[in-house]
Amino acid sequence: MSYRSLAADRVYKATTDDLQPERKNSVSTVFKKAFGTLSSSPRRRLSEPLMSGVTVIGTGNINTPLRKMPTSAISEEASLLSGMRSETLEEVELTGVRPSLPAVRTFTRGNTGVEEVYVDTDNGPLCVAVQGDRSKPPILTYHDLGLNYVTSFQTFFNYCEMRTLMSNFCVYHVNAPGQEEGAAPLSDDYVFPSMDELANQLDHVLRYFGLESVVGLGVGAGGNILARFAYRQPTKVEALCLINVVPTTAGWIEYGYQKLNARYLKSKGMTQGVMDYLMWHHFGKGTEERNHDLARVYREYFEHSVHPGNLAAFIDSYVKRTDLPISRSTPTVESFPAGRRPSMTTTLQMPIINVCGALSPHQEDTVILNSRLDPTKSSWMKVSDCSMVLEEVPQKMCEALRLFLQGLGYVISKSIKQSASKDSVRSSPWPFRITENPLTA
């Protein structure tokens, strides 16, 4: 026994019976009847359906007709439309087209205000580029593999906000032996200094320029050299800003790649494999998709402006680096020879900001370095969406460096400067550093 729903039949008939006659006609006939009737009868009520079987929904109840627009509103709209003036287009003759291309990014040497000085050291002359007034507080920089002071720091220090900040400091850019632009090939009998010897060369630089202490800014291999110098000469380094620094020795994979790169650089020059490794070292993965123009500029620089033999010597020295002898743990008396008093800690004691790019291949190495630093005097900062921090996001690094220098006592507000006494302020012009709190004096 089966049951049949009568409600379904009623719904079906109610929705289809009235439309049955219309199906005999074509689509064009239906539209002609609907719109033709509407145009021929302007006084047709809005509640009446245009087609049979189609219900017009009103503002309230289904059977309630739509209200007509008030006559005052129609007259107001007509007056507004009549008051509008039609704008006429004037004919312009095109006389010529001048294409405007964006400026091509290049690395230029010899900027105004930069003086290159060669300092004699135990391992040969060292090129130091001085930028700014030497009477102002010093900042010492050191570059990474395959770069020099121009390619590492020119964009960052020429940034608009950084230029205003650095007008109150003197920057000393140190170049590794034979890495400056246009450097002569290193002789075959020249022994390239080790990482520790490169750090000892900085002592000659400070003595040559008469600097008591500096604020260090190092990237990659240059940051490793500055950290070694700060460990051996803690009184001569006031603070450190380290970017993508590796504190450990080279692993087997890095050692194999770097030794192979050094061999190709000495025998065949700058090959595609060496260039790809340098791009990975600086930018990580996905460089072409993330910043195509910047990657193109650095590829052209590595191909045409880098001396292969000099870079191979620097790579050999970097891949043979020893582990940074710093640790957060306190050494025991038994670990020292008899008669030698152990220090309270073996880590760096100056303020340090440890920076890494979120896309950098050296991010884990910066975490290891952070685990060896004093947490009360160091800060670890990861910058998102970049690997080469100074090139890709100079605005973020400029703000971080400004706050870091402000924490050291530099670039403070003018209100504190006016309230500070003359005895507690450096003799150098603004910015200055407070040696004692003037508010408690």
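See the structure printed just above.
In this text the structure is predicted, and so the values were computed from the model without any measurement. (Residues numbered from 1 in each chain as written. Predicted model: local features only at pLDDT ≥ 70, side-chain atom pairs only at ≥ 80, totals over all residues. Heavy atoms only, no water.)

What follows is about the overall build of the protein. Within the protein, the regular secondary structure consists of 17 helices and 8 strands. A total of 441 residues make up the protein; the buried ones form 40% of that total. Long-range pairs, those at least 24 residues apart, make up 70% of the contacts in the protein between residues at least 6 apart in sequence. (Helix = DSSP H or I, 4+ residues; strand = E, 2+ residues; numbered from the N terminus. Buried < 20%, exposed > 50% of the residue type's maximum accessible area, 1.4 Å probe, protein only. Contact = heavy atoms within 4.5 Å.)

Take the packing of helix α7 (residues 195-209) against helix α8 (residues 221-232) next. Orientation of α7 relative to α8, taken along the N-to-C sense of each, is 70 degrees, at an axis distance of 8 Å. Classified by the interaxial angle, the pair formed by α7 and α8 is roughly perpendicular. Read as a crossing pair, α7 and α8 show a hand that is right-handed. Contacts from M195, D196, L198, A199, N200, L202, D203 and L206 in α7 reach A221, N224, I225, L226, R228, F229 and R232 in α8. Its residues placed into classes, the contact of α7 with α8 shows 9 nonpolar, 2 polar and 4 charged. (Axes fitted to C-alpha atoms, helices over the stretch in contact; angles between N-to-C directions. Parallel < 35°, antiparallel > 145°, perpendicular 65-115°, else oblique. Left-handed = near helix turned anticlockwise from the far one by under 90°. Nonpolar A, V, L, I, M, F, W, Y, C, P; charged D, E, K, R; others polar.)

This next bit is on the pairing of strand β6 (residues 237-243). For β6, a buried count of 7 out of 7 residues is recorded, marking the element as mostly surrounded by other parts of the structure. Strand direction decides the pairing type here: strand β5 (residues 214-219) and β6, joined by 6 bridges, are parallel. The partner of V215 across the bridge, within β6, is A239. This β-α-β element, β5 to α8 to β6, shows right-handed connectivity. The pairing of β6 with strand β7 (residues 352-357) spans 4 bridges and is classified as parallel. By the bridge assignment, L240 is partnered in β7 with I352. (Pairing = 2+ DSSP bridges. Right-handed = clockwise from strand over helix to strand, strands pointing away.)

Before going further, it helps to examine the pairing of strand β1 (residues 114-121). Strand direction decides the pairing type here: β1 and strand β2 (residues 124-131), joined by 8 bridges, are antiparallel. Residue V117 lies in a different strand from β2, and its bridge partner there is V128. Where β1 folds back onto β2 in an antiparallel hairpin, the turn is made up of 2 residues.

So, about the sheet that holds β6. Hydrogen bonds along the backbone pair up the strands of a sheet, which may run parallel or antiparallel. Strand order in the open sheet formed by 8 strands is β1-β2-β4-β3-β5-β6-β7-β8, and the pairing between neighbours is mixed. Single-partner strands in this sheet number two, and they are β1 and β8 (378-383). Each adjacent strand pair in this sheet contributes to an overall mean axis angle of 20 degrees, direction not counted. Sitting on the sheet, helix α14 (residues 363-372) is in contact with β6, β7 and β8, with an inclination near 165 degrees to β7.

What follows concerns the packing of aromatic side chains. Evaluation of the coordinates by the stated rule reveals 12 aromatic pairs. Joined through ring pairs, the aromatic side chains of F283, Y298, Y301 and F302 make up one cluster. Taking NZ or CZ as reference, R321 lies 4.2 Å from the ring centre of Y318, over its face. (Phe/Tyr/Trp six-rings, centres within 6.5 Å; stacked < 30°, edge-to-face > 60°. Lys NZ or Arg CZ within 6 Å of the ring centre and 35° of its normal.)

As a further point, take empty space enclosed by the protein. Taken as a whole, this structure holds 2 cavities of 30 Å³ or more when the rule is applied. Lining the largest cavity are 13 residues, and of these D144, V219, N244, H282 and M388 sit closest to its centre. Listing elements by their share of the lining of the largest cavity, those giving two or more residues are α10 (272-283) and α15 (389-392). Class assignment of the residues belonging to the lining of the largest cavity gives a composition of 6 nonpolar, 6 polar and 1 charged. Empty space within the second largest cavity amounts to approximately 30 Å³. Lining of the second largest cavity is provided by I139, V215, G216, L217, C241 and L401. At 3 residues, β5 tops the list of elements feeding residues into the lining of the second largest cavity. Tallied by class, the residues present in the lining of the second largest cavity amount to 5 nonpolar, 1 polar and no charged. (1 Å grid on protein atoms, 1.4 Å probe; cavity = no way out; pocket = protein on both sides within 12 Å on 5 of 7 lines; lining within 4 Å. Points joined across faces, edges and corners; volume = space filled by probe spheres on them.)

This part covers unusual backbone geometry. Residues other than glycine seldom take positive phi values, yet N244 does so here, at roughly 50 degrees. Checked against the element boundaries, N244 lands in the loop between β6 and α9 (252-267). Given the relative accessible area of 8%, N244 is considered buried. Within the chain, D385 stands out as a residue other than glycine whose phi angle is a positive 60 degrees.

The geometry of α9 relative to helix α13 (residues 308-319) is characterised by a closest axis approach of 8 Å and an angle of 160 degrees between their N-to-C directions. When the interaxial angle is binned, α9 and α13 end up roughly antiparallel. Every pair of crossing elements has a handedness; the one defined by α9 and α13 is left-handed. Residue-level inspection shows E254, Y255, Q258, K259, A262, L265 and K266 of α9 in contact with α13, the latter providing P308, G309, L311, A312, I315, D316, Y318 and V319. Considered class by class, the residues forming the contact of α9 with α13 number 9 nonpolar, 2 polar and 4 charged.

Position of H281 among the secondary structure elements: in helix α10. Not counting residues within four places of it along the chain, the set of residues in contact with H281 comprises D144, L145, P361 and H362.

Let us now look at helix α12 (residues 292-304). For α12, with 13 residues, the first-to-last C-alpha span of 18 Å sits near the 18 Å given by 1.5 Å per residue. The secondary structure elements touched by the buried residues of α12 are α5 (149-157), α10, α11 (287-290) and α15. N-cap assignment for α12: the residue whose side-chain oxygen lies 3.4 Å from the backbone N of L294 is N291. (Expected span 1.5 Å × (residues − 1). Polar contact = N/O pair within 3.5 Å; in protein donor to acceptor, adjacent residues only side chain to side chain.)

By themselves, these observations are geometric and do not establish any function.
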